[in-house]
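Report on the structure
Each chain, written out:
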Amino acid sequence: MTSPLPPPYTALQRHAVMPQASHDEAARFNFVTHFNRYLAADLGAGNRLAYETRVKPAFRAVHGRDPVSREEIRVAMNEDPWHRTWSALKRNTMEMRQQNGRQLVLRQIDETDAKVAACNAQAGLLELDPAISQPEYVTCVDIHCQPGSYHGEERPGDVSVAANYDVGLFATTGGALGSLNNGGGRALVEWARANRPDWRPERILDVGCTVGHNAVPLAQGFPEAEVTAIDTAAPVLRYGAARAAALGVGNIRFVQANAEDLSRFPDDHFDWVQTTMFLHETSAAAMPRIIAECCRVLKPGGLMLHVEQPQYGPEMPLFEQFMRDWDAYNNNEPFWSAMHGIDMAKVMAEAGFPETEQFVTGVRSVPDKALFGASPDGEQEDYGRAAIWNAYGAWKPPVSVNAGQEIPA
Ligand SMILES: C[S@@+](CC[C@H](N)C(=O)[O-])C[C@H]1O[C@@H](n2cnc3c(N)ncnc32)[C@H](O)[C@@H]1O
């Protein structure tokens, strides 16, 4: 191994509604974490070697030129025995992670459902709307091999998909997101404080919140603010609301809503509209609608910020694009490849954010340094799971574009 060891599963911080891992379940998660790290940091390097020494020369011999797109590289690499083996092992770690989390959660489903229901009845942070249907882009496959995706229920009122997401994320990310999997949200709070020291957002909307890993730190970082965390999937909202209450957070509500239609919120309502690792799980038709809705509900002068893996611009080498695309073709992330190829500046401009108000910034997870040391540097990035992201943001122009008013020169 050339990389430092990831933290043990026992470093994951528990909260009152999280199912308990047995010794063997924790050991299996540890295996998955270490194997993932080994695949990314050590065996993963063999992919470039295979490309440079075998695949590219063979491609040249046939076509008389180098590959010109990540798709051409993928097709050629999929014939290479090293890449095929590496890819199969990587897919298998995802399946092992899901199987371990799923059986851990199902064996205590009754206790967990009961704890979540009791917590929610007491805390009142949950607002479900049975009229909300699940978009096809989240139901068409089990997203990243997660049985039941985010919305599946074993029985009405169940939270097992959400609990599985919560117990396994630490293993998938090698602890890089911190002991509460909240490094992204904590990074956002630090980013906002550094960039707008006097800014005091009153209303924050977190879109596609799942169990609130990154919405809760926004509520904690801005305790005077009211955070609304929305998702289409009821199980993640039930679990997320109970988890927030168990963590002692009260200035957040988990609301069932579809980001494509935020009509339950008035124009110019929020100071900050936030998504974290969300846009790639939507679709080419939905994403522009969602960004337009973000613009509508944002106050003039407010901030929209989308935290994602970096877009595939012309400055990103094709081989890196191909490696980053792995999840799209092998890990049930159907929109991943197309989304990362989209011109975000154009989509945001069409939604109402002038290019002059847009920016792209780096967001690096804030790890629990006492437990985990520093987060991985760029060299150790594992093409989709390391704690380094890009944020695509814009400040809404000070005069509302919704009202059809002219923006003063
Ligand atoms: C990758 S997860 C986001 C992770 C989360 N933001 C975090 O920081 O932990 C994507 C989430 O978006 C939700 N989702 C997908 N489409 C949606 C939509 N149109 N409106 C609201 N939520 C949506 C899914 O149910 C899922 O929970």
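Going along each chain's sequence as written, the residues are numbered from 1 onward. Note on the predicted model: pLDDT of at least 70 is required for a residue's local features to be given, and 80 or more for side-chain atom pairs to be given and counted; whole-chain, interface and lining totals, by contrast, use all residues.

1. Observations regarding unusual backbone geometry
Note the threshold: Under the DSSP-based scheme used, a helix requires at least four consecutive residues in state H or I and a strand at least two consecutive residues in state E, with every element numbered from the N terminus. Buried residues are those with 20 or more other C-beta atoms within 10 Å of their own C-beta, exposed residues have 12 or fewer, and partly exposed residues lie in between; C-beta atoms are placed from the backbone.
Notably, N181 is not glycine yet its phi reads approximately 55°, a positive angle. Within the secondary structure, N181 is located in the loop between α7 (160-172) and α8 (183-195). We classify N181 as buried; it has 24 C-beta atoms within 10 Å. Residues other than glycine seldom take positive phi values, yet D268 does so here, at roughly 55°. Mapped onto the elements, D268 comes out in the loop between β4 (252-256) and β5 (270-276).

2. Quick word on the site of the ligand
What counts, and what does not: By convention here, the C-beta atom is placed from the backbone, and a residue is near a molecule or strand when that atom is within 6 Å of it. By the convention adopted, Pro, Cys, Tyr, Trp, Phe, Met, Ile, Leu, Val and Ala count as nonpolar, Lys, Arg, Asp and Glu as charged, and the other residues, Gly among them, as polar.
Taken together, 24 residues form the shell around the ligand, and within it Y150, G208, N214, A259 and T276 come nearest. The class makeup of the residues in the shell around the ligand is twelve nonpolar, nine polar and three charged.

3. Overview of the UniProt feature "domain: Methyltransferase" (unreviewed entry) in the protein chain
Cut-off, in case you're wondering: UniProt positions are given in the numbering used here, feature names are shortened, and annotations may be inferred rather than shown by experiment.
Look at the UniProt record and you will see "domain: Methyltransferase" (unreviewed entry) annotated at residues 204-302. The span residues 204-302 carries 31% helix and 27% strand; its end-to-end C-alpha distance comes to 10 Å.

4. Quick notes on helix α1 (residues 23-43)
Each α-helix turn comprises 3.6 residues. Residues three or four places apart therefore point the same way. Applied cut-off: Expected helix span is taken as 1.5 Å per residue step, with the number of steps being one fewer than the number of residues. The contact criterion used here is simple: two residues whose C-beta atoms, placed from the backbone, lie within 7 Å are in contact.
Spanning 21 residues, α1 covers 28 Å between terminal C-alpha atoms, matching the ideal 30 Å at 1.5 Å per step. Looking at the buried side of α1, the elements it contacts are α4 (81-106) and α7.

5. Thoughts on the environment of G208
Of note, G208 is situated in the loop between β2 (203-207) and α9 (216-221). Expressed as a C-alpha distance, the spacing of G208 and I143, which sit 65 residues apart in the sequence, is 14 Å. Setting aside residues up to four positions removed in sequence, G208 forms contacts with D231, A259, T275 and F278.

6. A short note on the nonpolar core
To keep things clear, this is the line we draw: What we call a nonpolar core is a set of buried Ala, Val, Leu, Ile, Met, Phe, Trp, Tyr and Cys residues whose membership is set by joining through C-beta atoms within 7 Å.
Core analysis: the largest hydrophobic core is formed by 83 residues, its most contacted members being Y239, I252, V273 and M304. By residue number, the principal contributor to this core is helix α10 (residues 234-246), which donates eight residues. Membership of the second largest hydrophobic core comes to nine residues, among which are Y51, F59, F322 and M323.

7. Some thoughts on the packing of α4 against α7
Two numbers describe a pair of packed helices, the interaxial angle and the distance between the axes. To be explicit about the condition: Note on method: axes are straight lines fitted to C-alpha atoms, helices fitted across the in-contact stretch only, with angles between N-to-C directions ranging 0 to 180 degrees. If an angle is under 35 degrees, it is roughly parallel; if it is over 145, roughly antiparallel; if it lies from 65 to 115, roughly perpendicular; otherwise it is oblique. Crossing handedness is defined as follows: a turn of the near helix away from the far one that is anticlockwise and smaller than a right angle gives a left-handed crossing, while the clockwise case is right-handed.
Two elements in contact, α4 and α7, have axes whose closest approach is 9 Å; the angle formed by their N-to-C orientations is 135°. The orientation of α4 with respect to α7, classified from their angle, is oblique. In this structure, the crossing between α4 and α7 has a hand that is right-handed. Only S160, A163, N164, V167, G168, A171 and T172 of α7 make contact with α4, whose side of the interface consists of R97, G101, R102, L104, V105 and L106.

8. Here we look at the confidence of the model for the protein chain
Filter applied, for reference: On a range of 0 to 100, pLDDT expresses the predictor's confidence in each residue.
For the protein chain, the mean per-residue pLDDT works out to 91, and 91% of the residues sit at or above 70. Per-residue pLDDT stays below 50 along residues 375-386; that stretch engages in 26 contacts with residues further than four places along the chain or on separate chains. Counted against residues more than four places away or in other chains, residues 403-409, with its pLDDT under 50, gives five contacts.

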